[in-house]
Each structure stands twice: as C-alpha cells, then as structure tokens.
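# Descriptive analysis of the structure
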Amino acid sequence: MHCRKFEAMIKSNELREIFIKFFTEKGHALVQGSSLIPAGDDSIMFTNAGMVQFKDYFTGAAPAPAPRAVTVQKCMRAGGKHNDLENVGRTSRHHTFFEMLGNFSFGDYFKKDAVIFAYEFIKDVLELDMDKIYVTVNTKDDESYSIWKNTVGINEKKIYRLGDETNFWQMGETGPCGYSSEIFYDTEYSEAGHKDCDINCDCGKYLEIWNLVFMEFNRDKKGLLSKLPRPSIDTGMGLERVLRILQNVKSNYDTDVFVPYINEIDAIAGKRYGGGDEAYDTAARVISDHIRTSVFLSAESVFPSNEGRGYVFRRILRRLIRYSLKLGMSLENLKYLGNTVVIIMGGFYPETGDGLAVFEKIISEEYEKFSDAVGQGIKLLDEKILELKACKEKTVPGDFIFKLYDEKGFPVDIAIDMAEENGLSADLKTFDELMELQKKGSKQKKEKNGVPETVYSVPKTIFNGYKNIETPFAANITGVFDEDGEPAASIEDGNFYYISSDVTPFYPEGGGQSGDKGIIEWSAEKYSFYAAVSSTYKTRNGVILHYARIFAKNISEAESGSGSGVEVSFEPPSFTVALPVKADFSVDAETRKKTAANHSAVHLLQASLREIFGNRIAQQGSLVDSERLRFDFSYGKSLTDEEIRKVETLVNGYIFADLDVKTEELDVKTALNSGALHFFDEKYEDAVRVVSIGTVSKEFCGGTHVSRTGELGFFKILGESSVASGIRRIEAVTGFNYLDYLYVEEDNIYNIAKLLNSSKTEVYNRIIKLYYDYEFLEKANEELKSKLNAFEAERLIKSFKAYKGGGFKYLISKFNNVSGEELKDLVNALGSRRDFPAGDSVIVFVSNLNGDKLIYIVAAHGTADASGIIKLINSETGGKGGGKKDFSQGGTSDVSKFAEIEKIIEKIIQGSLSAKV
C-alpha cells in the first residue's frame, strides 16, 4: 500500500520526536503546547490548532520570543465553528481530541520555505511514496502554485486549485487567516469503495495529512480583512493521520495511538474490532476517542454543565456512556480505560495523571445520571428507528422525541445524534411546539421535584426503619405506579416505577434528609423480581413511594443453568403482578449510615452556632445526604475565618466527647415544654419525635441519626456563603468524606510545591517570597513606565499646534493598543512639564485596541471645554462617553474612523463643525 524504507514501524512517540528534531535543526525553537482552553480568547471554545497560542504574534499585538517555532499541540474540535463530534465513529479519520504537529514563522520565512520544509520532511525524513502525494492551493494564490510546480517539481496534474471554502483557513469567526495549501496522500482505500475519485471526494481515499496556512490577513468582527504586519506561517500535521500512513493501516483507529483502547474494548465486549460488525466498530471508535477527550478535559478542570464547554463535555460523556452501554461495558470498565489514557499518553502529557482522578469522579456521577434517566429512552428510540427504517420513513417524529423527553428525561441532543447515525432527521419543529405548550400548563399536577403529590387506592405506609436495617425486612407491596402516579396496568422489564407498601424500612425524603436507596425483591409465578431503589418519597396522603427500576428473571431458566451463568433472561418484556405481594425490603445500610451521620452533624452545627452567636440563630433549611450536609440559618453577615474555626472546634469537641444520641416520641405539648427546637410555622402531628444529643442539642426531628456522636469521626466546613438577604449557608462534610477532602487538599499542596520547586513545608515561605518579589517588580515596572512616559512627553510637547494666532494650542496623537489608564498617565506626564503651554489648550489622545475598538480622551486647560469636544467626537464616530470640563473620555466600535480621526478632531477643535472651544 505504501512505499517506505524504514526498517521498523514508526510509533507515535517517535513521530513526535522526529518532527521536533527536524524543525529544531531548521532553527525553530521548541515551544510547549498550550492548554485545551484558549487563554484570553473567547472567539473559540477549545484550542483547535497549534497556532492558537501564537495569535498575538501573528496580529502583531505582542512580539514573538523567537522568529520560528515548532510545537506538538493537543487539540479539540467539538463545539463552535470547527466541530467534528458528529463525525467521530462514522469515519476512520475524525476525532474530538487529536494532536497537531506544527511549525511556525512569525514574519521570518514565508510560502517558499514553508513548502520546501514540508516537502523535505515527507520525502526525505518520512520517506513517503511521492507518487501518492497530491496538493491543493487557493485559486487566487498563484505564488503557491508556482512553488509547488516549479520549485518543488510536483506534476501540475497533481496540484488542485480550489476556492476559499477549502483553501482559506481561519481559526475562528475573527482573527488571523490566509490562503492555505493542503497535502493529501492517496491511501488507496476508500470507506465508500470508490476507485476513480479525486481529492474533492470525502470517502477517505485521499487523506489530508498537512495543512500549510499562509497567514497574510486579519479578519475583524465585521468580516473585513486587513493585512497582517508581517506575513507568517502556520502549519498543522495531524499526528494520527500520518501514523496511519507510516504504519500501513486503513484507519487512524488501527494505529498505535488507538489500538490499546480497541484491544481492551474487544476483551470486555468479547468481540473483535474489524470483524465485520460495523455497529460494533463504530461504538469502539467512539469510546476510544471520547475516553481520551474526557481524561484530557478533566485534566483542564472542565466540568459537565448545561452551557459552554461544560455542555460540550457533557455531550461527549453521554456519547461515551451510551456507546459503552451498547457493548455492555460497566462504569469500572470506563475507569479502567481512563487509566489506559494515562499509561499511553502520560509520558508526553503528565497532566493526565491528575486528570484521571477528576475523570473517575465525573464519569461516576454522569454514568449514574445517564443510566437512570436515559437507558430506557435509548431502548425505545432504537425500536422506533428500526420501525421507521422498515417503513422507509426519513424523519423521527417530533411528538415521539417530546414524549421521550417529557416522560423519560431523555436528552434531545442524543435523539438527534441517534437519528443522524441512522440516516434520519429529527422533527425539531414539532418538538419545539410541544415544549411551548408544556410551558403553558402541565397535564399532571406534580411537586417541583416531579414526584406525584398523591396516589390513591392504597393505604398509608408505616415507616419502620429507624433500627435494624442490616437485614431484609418483609412487607407487602400494595401498589406499582407509573411516573404520573397512575396505577401501572403492566410492568415493562427495565422501566422505572413507584412502588408502595404497607410497611417499609426505607426513610422517605423529608426534613431536609434525602430518601433511602436499596433493593426490593419478590417472586411471582415463575419469575423473580428485582427493584433497584434510587430514592424514596412520601406523598401528601401518607403513602411512601420507592422510586425503582424493576427487572425480572425467569426462575426456571436460572435454576436449569441455561446459558453461561452470567446472562439473565429478561423475558417477557412486560408482565402483571397480582397485588398485594410479599417482598423483601433491603436498605443500603452504608449510605444510610453516612446520611445519618451528616444529619446528626446538622444538629451539632446549629447548637454550636447558637452557642457562639446566640439564640438569634434560627434554621432556615437544610439538606443532608451521604456525601455532605448543607445548613441555612438566619444571620446578618458572613462568618470570618476565625469564627468558622470556632464553629468547627466546638462541633468536633462534641464529636470527640462521644455524646449519647437519644430519640423519644412525645406528645406535642410535652415536647414543646421540654424546650426542644422546632419550626414555629410547622404543623405537627399529635405525637412528635425528639432527638437529644447529650445536653447540647434537643430538636423536633423525624430523620435518622447515629447512636453516639463519635460515629461522625470528624467535621469540616467546606464553605460559607449568602443565600438571600440575612440568610447564610454552611456546607460541610463528616467522616471519610472529610478524608477525601484532605486528600484533594494534600494533592493541591503537593502540586503547588512541585510547581514552585519547593517542599510542602516550605510552600508558604516560597509564596511569600514570590509575593514580595512581585511587589518589587511591580514597583520597578511603575518606575519604568513613568520614565517612558517622560520620554514620550518629551517627544509630544513639541507637537502642539497653535490656533487663533497662538492664543490656543492643541495636541492630537494616535496610538495602537494603549489602554485608557496609560493614556491618562501620559496626559499627566505632559501636564507636569515646565514647558507645558500656558493658557487655553486641548490634548486629544486616540488608541486603537486590537482593531476592535477606538478609545479617546480629551484633557482641556483654561477656557477650553473637554466635555463639549467629546460630544462632537462621539457624534462623528458613533461613539459614547462624556465627562467633565477639564477631562472627558469616550469610545467607538467603528475602527474605520481611526485613519481619519486626526482630521475629524482637528476640524472640531478649529470650529468648522460649530464646536465651541
């Protein structure tokens, strides 16, 4: 397929070193690749090319430290203008995360040398078969065409002249840009089976391996092009694509970059990549790509959210989880693959080590959310797509997508992805219309968390779970309800339902405490049923609902030993259960224990706050679960660090004292007379539960608690903040959750120490030294700026012009990328000179900020009026601003006025535009 003289196959680590060595020997400085998050650049979402960190060098906004550079840059193309997310998995060459090898010139060499360097590298260093090389140039770029044809000697039949849509490159909507020349390699392999196509075909036969961008222009926000100060070079060679050629394989995913992941996925799934199952191959490609992206984004402290980079990350994680579930991969499998990223990439990218720990936490949370809310929706949508394709329909109906979203919480973006993956479109118009209708009024009346307010036809539930939850509790299931609170006519295997019972050990969400998790198991006829309870709620009419995903297992098949012993029969897909039915209720005791500890900590926290700040402290809300606790209380100001430590010390003192925690049920009158704290506006039953902790705390409380305070281990406040006017919030952890917090803090200190080349014990002293060094340098910098202003003032003092026979003098001067504060300093430097003009005078300074905005200041002396002048400048430039008689400032986005701004201002000052000076 390829002709190359290397005796051994070049691998990814070697290719990076070969590229760096070649260009450093050509006088290029090796520059460390930048972060995936562009620094100070909001025009793009992620670093998508090697040139991103050099943008200011190309525009001339900052001087380049070296005239030539070579980098290996980690890149992402998912979200924004350059977005390959939808293509990942469908082709053998697209990725969300990839590496770009690049050489750069900042006003040093230009087209000829860039082309010759590229030609030498692929011909003499990589020894590629030059008969398979093709190039493209822009139709308007005669110079590049001539270099390829006449200087390098490429046959003109292998040089394609194409338009701006393919051969004009720009990083984002704005910024440096220019004509480009792309280098293609004929792989002789087409994903579509083509044989007679050319480089214009997207079948993969002709693989673009290197893009040479000739940076000549800068595009502003209006789309206008202007010449860059010095023509520069930006090139990008895709590491994964070149490896595909060097390693003589048909796909980027067959290179050493991806093979380790593919092999692990094969082992987990029990299948073989490239074995003819295209659906499996697509899933393996998606997983191997997205796992790398996820670890690297985690290393950059990007977290899943509903907007911006976080939303893109969430989409990537959802795709990763969705395809992994298709292959039967578990959460632990994904964590294992994440570790593989560190093993493969950690040598060149050591930050992946830190990224792995963050990734494991993120993927755990997203996996649980996805599995609960999305798994069933995927199954239903898959079935719908098969039905539509069988009927030769081309669109997934909008009402079906809406139903999945409304009833299952199914993300719309996944519905769109799945439709497109199957060659269908999604009817978003109908979906949007139904969303609008839903906003106007819901058919079902629900509480804010979506749980049915009431369910009927079943008796109230007795809670019997304060003690002895370590063993299963036998009770009767009295009802099974769908997510609208309606009795389920039948149960679909793997779906979510609310289960009610006559008695339960599961604590329902209430009093700020999260509901219990656990398992409910029962048998009926030839099936055994398993319900995984993810939370528990209580309706207004006293029924406790266990929100669970129900699975069924054919007992007869399981007992006969059919199959491997691992697979479980889930037939039939739906069934009915005669109620009531006896079942075993098992609470997740470990989760309950941690939740109970946090709830007891809330009581100790309130007691401590009241001890320190007085009885004006009153609870305004709380939330406790197995991870942490949150406590809202009335207080008029934020707590100082010293006060927070006081609170922590007092709470931990109560914990170490190992106080007895006693609960008792009292009638309301007795409980009130006992002095127990309670909510005055709360309506209580005839009998209430009172929780006492030693002699320090006594409260009305229906929640679960520890037996002794020593079980809490330790208490640590993570944060204190404002919730509303007069309401503060404390968030804290206890026990082993505090240990996790300590580990994170310890890692942070270690990383800071490593960064400072210091021991952990010396970090503080090292930072103090850096602080004072910084202050010294800041002072020196101010002194230097003052001297520079004096030099500039020396030059400008000679540029004053006289008007009205010399009775009035004015100075107009333009600057590039000088801030407003710096312009003011320069005005002051001029005004402090002894030879500053006496009498009436005006100074007008204008600065062009990066071609995006003009700012101007006016300083007036004597009878001159700066505010009047600024108004007239604004009227001519479409700007805004104002000020006082002696000093005013303004600005405009119309940078086209910069060229003629001096004439405009001069006319204003001279009175030709009726200015009153």
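When two helices pack together, you describe them by how their axes are tilted relative to each other and by the distance separating the axes. At a closest axis distance of 9 Å, the pairing of helix α17 (residues 589-613) and helix α18 (residues 641-656) adopts a crossing angle of 125 degrees. Taken together, the axes of α17 and α18 lie oblique to each other. Between α17 and α18 the crossing geometry is right-handed. Residue-level inspection shows Leu604, Leu605, Ser608, Leu609, Glu611, Ile612 and Phe613 of α17 in contact with α18, the latter providing Glu643, Lys646, Val647, Leu650, Val651, Tyr654 and Ile655. When its residues are assigned to classes, the contact of α17 with α18 shows 10 nonpolar, 1 polar and 3 charged.

Moving on to the sheet that holds strand β24 (residues 661-667). A sheet is described by the order of its strands in space; here 3 strands give the open sequence β24-β25-β26, paired in antiparallel fashion. The open sheet has two free edges, formed respectively by β24 and β26 (697-700), since each of these has just one partner strand. In this sheet, adjacent strand axes meet at a mean angle of 20 degrees when their direction is disregarded.

Another point: the packing of helix α8 (residues 278-299) against helix α10 (residues 331-345). Between α8 and α10, the shortest axis-to-axis distance is 9 Å and the interhelical angle comes to 75 degrees. Comparing the axis directions of α8 and α10 gives the class roughly perpendicular. Contact residues: α8 offers Ile287, Ile291, Arg292, Val295 and Phe296, while α10 offers Leu334, Leu337, Gly338, Val341 and Met345.

Turning next to unusual backbone geometry. Cis geometry marks the peptide bond from Leu579 to Pro580, where omega comes out at 0 degrees. Within the secondary structure, Pro580 sits in the loop between β20 (574-575) and β21 (581-587). The phi dihedral of Asp658 is positive, around 50 degrees, even though this residue is not glycine. Turning to its location among the elements, Asp658 is positioned in the loop between α18 and β24.

Moving on, we come to the environment of Ile617. Examined against the element boundaries, Ile617 turns out to sit in the loop between α17 and β22 (619-624). Judged by relative accessible area, which is 0%, Ile617 ranks as buried. A sequence separation of 11 residues divides Ile617 from Gln606, and the C-alpha atoms of the two residues are 7.8 Å apart. With near-sequence residues (within four places) excluded, Ile617 lies in contact with Leu609, Arg610, Phe633, Ser634 and Tyr635.

Reading guide: rules and limits
Residues numbered from 1 in each chain as written. Predicted model: local features only at pLDDT ≥ 70, side-chain atom pairs only at ≥ 80, totals over all residues. Heavy atoms only, no water. Axes fitted to C-alpha atoms, helices over the stretch in contact; angles between N-to-C directions. Helix = DSSP H or I, 4+ residues; strand = E, 2+ residues; numbered from the N terminus. Parallel < 35°, antiparallel > 145°, perpendicular 65-115°, else oblique. Left-handed = near helix turned anticlockwise from the far one by under 90°. Contact = heavy atoms within 4.5 Å. Nonpolar A, V, L, I, M, F, W, Y, C, P; charged D, E, K, R; others polar. Pairing = 2+ DSSP bridges. Buried < 20%, exposed > 50% of the residue type's maximum accessible area, 1.4 Å probe, protein only.

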